[in-house]
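Spelled out from the first residue to the last, the chains are:
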Amino acid sequence: MVIDVIIPRIQYLSPSLSIRIAAGEVIERPASVLKELIENALDAKAQHIYVDCEGGGIDLIRVRDDGCGIYQEDLPLALASKATSKITQEEDLLGISTLGFRGEALASIDGVSHLSLSTCISSEDHGWKIDTDKSIRPISHPVGTTVEMRNLFYNLPARRKFLRSEKSEFLRLKKVLAQIALSYFQVGIKAHHDGKLIYNLPSRKHSTEYEKRIIEICGQSFFKNSIYIEEKIGELRLWGWLGTPEFSRKQNTLQYFYINQRMVQDRVLSHGVRQAYHALSQGGYPTYVLYLELPTNQVDVNVHPTKNEVRLAQGWQIHNFIAGIITDLLKQGKSSKQFKYFSSFSKISFTDHKVADNGSVYPIQSLQSENNNSLFGQAKEIILKHYLLAENTTGLVIIHVPMALAYLVQRKLYAQGDTIRKPLLFPLALKVSVIQAEWVESNKDKLLQIGFDLSRLGNDLIILRQAPDIMKGADFTIFLATLLPKFINKNQKDLNLALIQSLIINTITPELFSNPSFSSQQETDGFLQELASYFQQNLSPKIKFWRKISKREMDSWFTLAQD
Ligand SMILES: Nc1ncnc2c1ncn2[C@@H]1O[C@H](COP(=O)(O)OP(=O)(O)OP(=O)(O)O)[C@@H](O)[C@H]1O
Ligand SMILES: [Mg+2]
């Protein structure tokens, strides 16, 4: 039962506001219905949620909560499109703290199923039900709301056919329950499917009890093989459980990442986690349940209709922050409570930044250290086309830039599972042998997975349209001319993905980067920082790309002639 009984009123969004909301397909399958209904219950401050599903959620999904309920007069609005109680003006979009905000979910579900909603608010002695025919009548109902959805896609047979088996839809429902249970520890959740109990999760009100929920959802073995992490810098807090590198899995099923209690799929952040693990593990997918908390005005949740994707202001700084903390923690193998990573990070102010698009760009990180005593120091000058001079506290550092770039790209390709692709400014068409063109054609999908959108154009012509963004600046003509014969030499039509990847990594050579360029001091410093962070994870790289000369040594070169 809620103690705070402020019941927000539902209103239509103004046209100017509704136009700014990421619109599109909301309901794809039963799991999307369940997610939306539970999110509504959570936004209504429910303490307990009861779920009943039948037939993989296609026949029935019923969600009952003990949240604040809905005023009788607002019931038609609850089912109307573009009507919500969660935001009223455009400024609200800059700091959304509820899971819903589009005023779209119930209307969408209602459009593709038979939906009814029963509700009761605490100041009334009975509740109200809006039925599938939109009639409203009094009923008896405890304080809170029950939404019942039956016959999903009854009016869209094509969509219904597209659904998987009941079993597989059921597994997706279970995943949604697990995702929510891991972010709302204090809410008790009980769920049945076809009459069988799936979860009975008591509310875990105190943080000391959170571990119990972790065990309930992720299992004892994850908990035993995980490290608790907690780090707060400025307004940013990262906490959660990280499976040890040895506990990595063959599939990425035990990976949960939340930003402000919203489960998200964020490529930049998951890359940060992977990067940290990569330095220590032999492969496989890392396991984790991680929570990132930051001011709501730093997170734009209005990015995708499913609300699973967010946009972070300073996404790459946060990426570095996460990768840094986790790398260090895993090396120590213990709690990071005392640990501080990137002391300069605390200097980043969250107040005067607008949410910026971190899209799919893979920039050279621009996190500058406050002082220039990092491993490679501060960049000074590019000399003799290929050499970058830098200065650190002990002296001079000379970096062979093409070598260093080859090293970085190799490490990143190695670390990255799903690669971020970037279109080339001009697609590159290349004449190759017919065998090579055939090979490209039959391995197109695998190449795409590794980040290369390469396809056959004609009998002996191929075209490269996109490449991993981390390879920007590379000479792709040389790259493909070296790479394709290697594929063909293997004498197999279908190479496996791992082999293709390793051939690609071995083709990344300094020659590909013989015209290095940096557009700003910040970019050059960022390059050095990034180089240092990879180098520290792999202290004896095969590529030797730098030399240092201490000031003392330089001093010894210069002497006054003795008479
Ligand atoms: N379980 C519930 N308890 C209380 N109010 C609810 C509940 N479910 C829905 N509502 C009310 O109905 C409105 C419409 O819900 P709906 O899910 O369609 O939109 P939303 O949650 O505002 O935004 P979104 O489309 O992003 O989910 C909500 O804003 C809320 O006021
Ligand atoms: Mg909603």
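Residues numbered from 1 in each chain as written. Chains lettered and ligands numbered in written order. Predicted model: local features only at pLDDT ≥ 70, side-chain atom pairs only at ≥ 80, totals over all residues. Heavy atoms only, no water.

A few words now on the packing of aromatic side chains. Aromatic rings considered in pairs are described by the distance between their centres and by the relative angle of their planes. For the structure shown, the criterion picks out 16 aromatic pairs. Taken together, the aromatic side chains of Phe185, Tyr210, Tyr228, Trp239, Trp241, Tyr258 and Tyr291 make up a single cluster linked through ring pairs. A cation over a ring is seen here: Arg9 above Tyr71, with NZ or CZ 3.9 Å from the ring centre. The residue whose ring lies beneath Arg64 is Tyr50, and the NZ or CZ to ring-centre distance is 4.4 Å. (Phe/Tyr/Trp six-rings, centres within 6.5 Å; stacked < 30°, edge-to-face > 60°. Lys NZ or Arg CZ within 6 Å of the ring centre and 35° of its normal.)

Here we come to the sheet that holds strand S20 (residues 395-400). Overall, antiparallel pairing links the four strands, which are arranged S18-S19-S20-S24 in an open sheet. The open sheet has two edge strands, strand S18 (378-383) and strand S24 (546-550), and neither has a second partner. Going from strand to strand, the sheet's axes swing by 25 degrees on average, the running direction of each strand aside. Taken together, the five bridges between S20 and S24 define a ladder with antiparallel strand orientation. If you follow Ile398 over to S24, its bridge partner there is Arg547. Docked against the sheet, helix H11 (residues 401-415) engages S18, strand S19 (387-392) and S20, running at close to 70 degrees with respect to S20. (Pairing = 2+ DSSP bridges. Helix = DSSP H or I, 4+ residues; strand = E, 2+ residues; numbered from the N terminus. Axes fitted to C-alpha atoms, helices over the stretch in contact; angles between N-to-C directions. Contact = heavy atoms within 4.5 Å.)

Tallying each qualifying case throughout the model produces 24 salt bridges. Here Glu530 and Lys412 are joined by a salt bridge, their closest N and O atoms 3.0 Å apart. Linking Glu530 in helix H16 (residues 521-537) with Lys412 in helix H11, this pair joins segments that are 118 residues apart in sequence. Of the residues examined, Lys412 reaches a relative accessible area of 5% and is grouped as buried. Linked through salt bridges whose partners overlap, the residues forming this network are Lys35, Glu36, Glu39, Arg102 and Lys307. (Salt bridge = Lys/Arg side-chain N within 4 Å of Asp/Glu carboxyl O. Buried < 20%, exposed > 50% of the residue type's maximum accessible area, 1.4 Å probe, protein only.)

Next up on the list: the site of ligand 1. Taken together, 22 residues are adjacent to ligand 1, and Thr84, Ser85, Lys86, Arg102 and Glu104 come closest. Contacts to ligand 1 include Lys86, whose side-chain N or O atom sits 2.7 Å from an oxygen atom. Arg102 is positioned such that a nitrogen or oxygen atom in its side chain is 2.7 Å from an oxygen atom of ligand 1. If ligand 1 stood free it would expose 590 Å²; the protein chains cover 97% of that surface. Ranked by residues supplied to the shell around ligand 1, first place goes to helix H2 (residues 30-43) with three residues. (Near = heavy atom within 4 Å. Polar contact = N/O pair within 3.5 Å; in protein donor to acceptor, adjacent residues only side chain to side chain. Areas by Shrake-Rupley, 256 points an atom, 1.4 Å probe, with all protein chains shown as cover.)

To continue, consider a nonpolar patch on the surface. A surface patch of nonpolar side chains, amounting to about 280 Å² of accessible area, comprises Ile383, Leu384 and Tyr387. Of note, Ile383 is situated in strand S18. What makes Ile383 partly exposed here is its relative accessible area of 31%. (Patch = residues over 30% accessible without salt bridge, like charges linked within 9 Å, V, L, I, M, F, W, Y side chains within 5 Å.)

Here we come to the sheet that holds strand S21 (residues 421-431). In space, the three strands of this open sheet follow the order S21-S23-S22, with antiparallel pairing throughout. With partners counted over all chains shown, the strands left at the sheet margins are S21 and strand S22 (453-458), one partner each. Sheet twist, expressed as the mean angle between neighbouring strand axes with direction ignored, is 15 degrees. Where S22 and strand S23 (residues 461-468) come together, five bridges link them in antiparallel fashion. Bridging from a neighbouring strand, Leu454 pairs with Leu464 of S23. Packing of helix H12 (residues 434-442) onto the sheet brings it into contact with S22 and S23, and relative to S22 it is tilted by some 130 degrees. In the packing of helix H14 (residues 476-489) onto the sheet, contacts are made with S21, S22 and S23, and the angle to S21 comes to roughly 65 degrees.

The subject of this paragraph is the environment of Leu457. With respect to the helices and strands, the residue Leu457 is situated in strand S22. Residue Leu457 is classed as partly exposed on the basis of its relative accessible area of 47%. Residues Leu457 and Ala429, spaced 28 residues apart in sequence, show a C-alpha to C-alpha distance of 8.3 Å. Those residues in contact with Leu457 that sit more than four places away from it in its chain are Ile462, Ile463 and Arg465.

The next point concerns the packing of H2 against helix H4 (residues 105-112). Two elements in contact, H2 and H4, have axes separated by 10 Å at closest approach and are oriented at 140 degrees. Of the possible angle classes, the one that applies to H2 and H4 is oblique. The crossing of H2 and H4 is left-handed. Across the interface between the two elements, Val33, Glu36, Leu37 and Asn40 of H2 pack against Ala105, Leu106 and Ile109 of H4. Of the residues in the contact of H2 with H4, the class split is five nonpolar, one polar and one charged. (Parallel < 35°, antiparallel > 145°, perpendicular 65-115°, else oblique. Left-handed = near helix turned anticlockwise from the far one by under 90°. Nonpolar A, V, L, I, M, F, W, Y, C, P; charged D, E, K, R; others polar.)

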